[in-house]
Amino acid sequence: MKVSSVAKKLWCVHKQLILLVAPLIFLPLIFTLPEKEGKCLYVVLLMATFWCTEALPLAVTAMLPVCLFPTLGIISSKKLCPQYFLETNFLFLSGLIMASSIEEWGLHRRIALKVLTIVGVKPAWLILGMMLTSSFLSMWLSNTATTAMMLPIANAILDSLFGDVETLKRKCKFSNEGGEDTNNSHSVKMLSLPSEPQEKHILPVDGFDEPSEKLTAEEIRLESQRHLNVRKGFLICIPYAASIGGTATLTGTAPNLILIGQLKSYFPECDAINFSSWFAFAFPLMVLFLVLGWLWISFLYGGLNSRLCIRKHDRQSEAESRAKALIEEDYRKLGPINFAEGSISFFFVLFAVLLFTRDPKFFTGWSVLFKKGYVSDAVTGVIIVSILFFFPSEKPSLKWWLDPRASNTRYVPLMSWKKAQDSVPWNILLLLGGGFAMAKACEESGLASWLGGHLQPLAQLPPAAAVMLITGFLACFTEFASNTATIIIFLPVIAELAIRVAVNPLYFMIPATIGCSYAFMLPVSTPPNSIAFASGHLLVRDMVKTGLVMNILGILSTTLAMNTWGVAMFDLNTYPVWARPLNATALLSHGHGPALRLLNSTR
């Protein structure tokens, strides 16, 4: 049998082979390391392998702690199982239900089109509009849903601006086909634009109805290449902006919630991070990174030029007018905002405002009206989304009750449980729970402390350099693994490292969490990247070239944020009281007297 045939057969069963081989490869860890630490590391590496290779579905891998940790004597199931539904999961669930209701009534599309009508259709401004809209929606919707919704809108606008992509590709080869000479004087007539906007406008590259301008074949080719390049910029900016936007709110992406869950597990007294304090820190960082990303993408794909600020009356200007008409026409087709959209808008704003003002730290929040420590962000979220299941989607009318001839239509609430079942990704809740369970086991077994001790050389680095190194490492690692799995694996170790070097744990944990969302280089890094790549207009080298600089910009932006307003907001220059009792206990139990003396010296 040929080697290629064997390789193909092996690939067909590679996941099954991983399931069989991985447990055997890691087995020596149990016998060569300290008992509990070795067993816990065995399970962690096994789960990391299954998550990275998807040998098992992600949610199924997340349930492995329930059977492995108790049977290996690491932690009892009574302590482990409650980790799967902490209050953090309820906050995430409420965010998912709110996002589903926004999608159900089309409010996200209205927001997207409205923003695009405001920013205009010059390439650089339109890229900015796409990025602003995608990032805003991604703060509340999932990154994947945002990308899936925005790409069709982008494609319609691109077709109106530049014409069909296949036509553009043919024109790129025009001068080299059919015996055409790239330097000859052959010309192509351009056709004029129709005066009335239509359902879908296509502007062919070769022109207008009336001969108004002549281009040589070489000029046609260069112009088509430029249009294809700008199209790539449009398509690539959407998934990137969705990933950036998800970092701005706690509910925007799963790693943010895993940070909260693990903080409460490791440091029960820590109340430094909630919805409002996270937003106050992460939103300016998102805006900074978004602007830098916009400048880079616009520069790389031809959006930044003299047309950015100077109005010109030429064929491109007329194409831009058509694209603007298309956007305005699509927005008009939505009609006036109806009762359901208005209601969802109200509850959406109320949801955000109540989460932000519960305990914002810089002024007294409404949580003081209740018993201290009893009302959390999860309580707020569940209250608001519960209302959606009975609030009417049509305006109540007294006339309907009094008119016997009125149609007896069924009462439809803003959100139905069937819709929630179909649209909410329940597997993510299991994934979150699996992460919390793993973190609890790492804490109970002493594995996090053991690994943190082996990372002691990082203590020699300046804290700012350590932040940059941690963010960069996790941003690279998450290119090959899901961001949720990445933060689950590394956050306990990073927390223990901060303990060892007597640095505020937030100083390392926050940039690690944000860095897990900066996966820009590969199509397989995140679902948004995969969706954009599946359009067929992007190449892997396009994503690598653009994403490499995006990763660098993200690392630098996060480092800047942590060492400026992050230090002021979270008091990162001092070792917090809420971390000391745990540290003293952990360090004593593992015999690290010097580190304990270092901690005492900071008091």
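Note that the coordinates shown come from a computational prediction; the quantities given were computed from them, not determined experimentally. (Residues numbered from 1 in each chain as written. Predicted model: local features only at pLDDT ≥ 70, side-chain atom pairs only at ≥ 80, totals over all residues. Heavy atoms only, no water.)

Draft legend 1. Fine view of the overall build of the protein. Secondary structure assignment for the protein yields 30 helices and 2 strands. For the protein, the residues scored as buried account for 53% of the 603 residues in total. Taking all contacts inside the protein whose residues are at least 6 apart in sequence as the whole, residues at least 24 apart take part in 77%. (Helix = DSSP H or I, 4+ residues; strand = E, 2+ residues; numbered from the N terminus. Buried < 20%, exposed > 50% of the residue type's maximum accessible area, 1.4 Å probe, protein only. Contact = heavy atoms within 4.5 Å.)

Draft legend 2. Up close: the pattern of salt bridges. Per the stated rule, a full pass over the model turns up 9 salt bridges. Linking aspartate 422 and lysine 418 is a salt bridge whose minimum nitrogen-to-oxygen distance equals 3.1 Å. Taken together, the positions of aspartate 422 and lysine 418, both in helix α20 (residues 417-423) and 4 residues apart, correspond to about one turn of that helix. Of the two residues, aspartate 422 and lysine 418, both sit in the exposed class. (Salt bridge = Lys/Arg side-chain N within 4 Å of Asp/Glu carboxyl O.)

Draft legend 3. Structural detail: empty space enclosed by the protein. The full count for this structure, using the stated rule, is 2 cavities of 30 Å³ or more. For the second largest cavity, the calculated volume is near 40 Å³. Along its surface, the second largest cavity is lined by Ile102, Ile111, Phe136, Leu137, Trp140, Leu141 and Phe348. Tallied by class, residues from the lining of the second largest cavity come to 7 nonpolar, no polar and no charged. (1 Å grid on protein atoms, 1.4 Å probe; cavity = no way out; pocket = protein on both sides within 12 Å on 5 of 7 lines; lining within 4 Å. Points joined across faces, edges and corners; volume = space filled by probe spheres on them. Nonpolar A, V, L, I, M, F, W, Y, C, P; charged D, E, K, R; others polar.)

Draft legend 4. Spotlight on the packing of helix α21 (residues 426-445) against helix α24 (residues 483-500). Where α21 contacts α24, the two axes come as close as 9 Å, and the packing angle between them is 15°. When the axis of α21 is compared with that of α24, the two are roughly parallel. Crossing of α21 against α24: the hand is right-handed. Two secondary-structure elements touch here, α21 through Leu431, Gly435, Met438, Ala439 and Cys442 and α24 through Thr484, Ile488, Ile489 and Pro492. Looking at the contact of α21 with α24 residue by residue, the classes come out as 7 nonpolar, 2 polar and no charged. (Axes fitted to C-alpha atoms, helices over the stretch in contact; angles between N-to-C directions. Parallel < 35°, antiparallel > 145°, perpendicular 65-115°, else oblique. Left-handed = near helix turned anticlockwise from the far one by under 90°.)

Draft legend 5. Structural view of the packing of aromatic side chains. Applying the stated criterion across every chain, the model contains 27 aromatic pairs. Considering the side-chain rings of tryptophan 140 and phenylalanine 348, the 5.0 Å spacing of their centres and the 85° angle between planes classify their relative orientation as edge-to-face. Taken together, the positions of tryptophan 140 in the loop between α10 (123-138) and α11 (143-162) and phenylalanine 348 in helix α17 (residues 339-357) put the pair 208 residues apart, joining distant regions of the chain. Accessibility assignment for this pair places tryptophan 140 and phenylalanine 348 in one class, buried. (Phe/Tyr/Trp six-rings, centres within 6.5 Å; stacked < 30°, edge-to-face > 60°.)

Draft legend 6. Region of interest: unusual backbone geometry. A positive phi is found at alanine 502, a non-glycine position, where the angle reads about 55°. Its location among the elements puts alanine 502 in the loop between α24 and α25 (505-515). With relative accessibility at 16%, the residue alanine 502 sits in the buried group. Phi is positive for aspartate 571, close to 50°, though the residue is something other than glycine. Classification of aspartate 571 as partly exposed rests on a relative accessible area of 43%.

Draft legend 7. The confidence of the model for the protein, seen in detail. Residues of the protein with pLDDT of at least 70 account for 79%, and the chain-wide mean is 77. Within the model, pLDDT remains below 50 along residues 175-213, and this stretch shows 86 contacts once partners closer than five positions in the same chain are excluded. For the stretch residues 581-603, pLDDT sits under 50, and the model shows 28 contacts to residues farther than four places along the chain or on other chains. (pLDDT = per-residue confidence, 0-100.)

Draft legend 8. Region of the structure containing the layout of surface pockets. Here the largest pocket is characterised by a volume of approximately 820 Å³. What lines the largest pocket is a set of 36 residues, among which Thr144, Ile428, Asn483, Thr484 and Pro527 lie closest to the centre. Tallying contributions element by element places helix α8 (residues 87-104) first for the lining of the largest pocket, with 4 residues. Roughly 720 Å³ of internal volume is contained in the second largest pocket. If you trace the second largest pocket, you find 29 residues lining it, with Asp271, Arg358, Asp359, Gly373 and Val375 closest to the centre. Going through the elements one at a time, α8, α14 (254-266) and α18 (377-388) are the ones with two or more residues in the lining of the second largest pocket.

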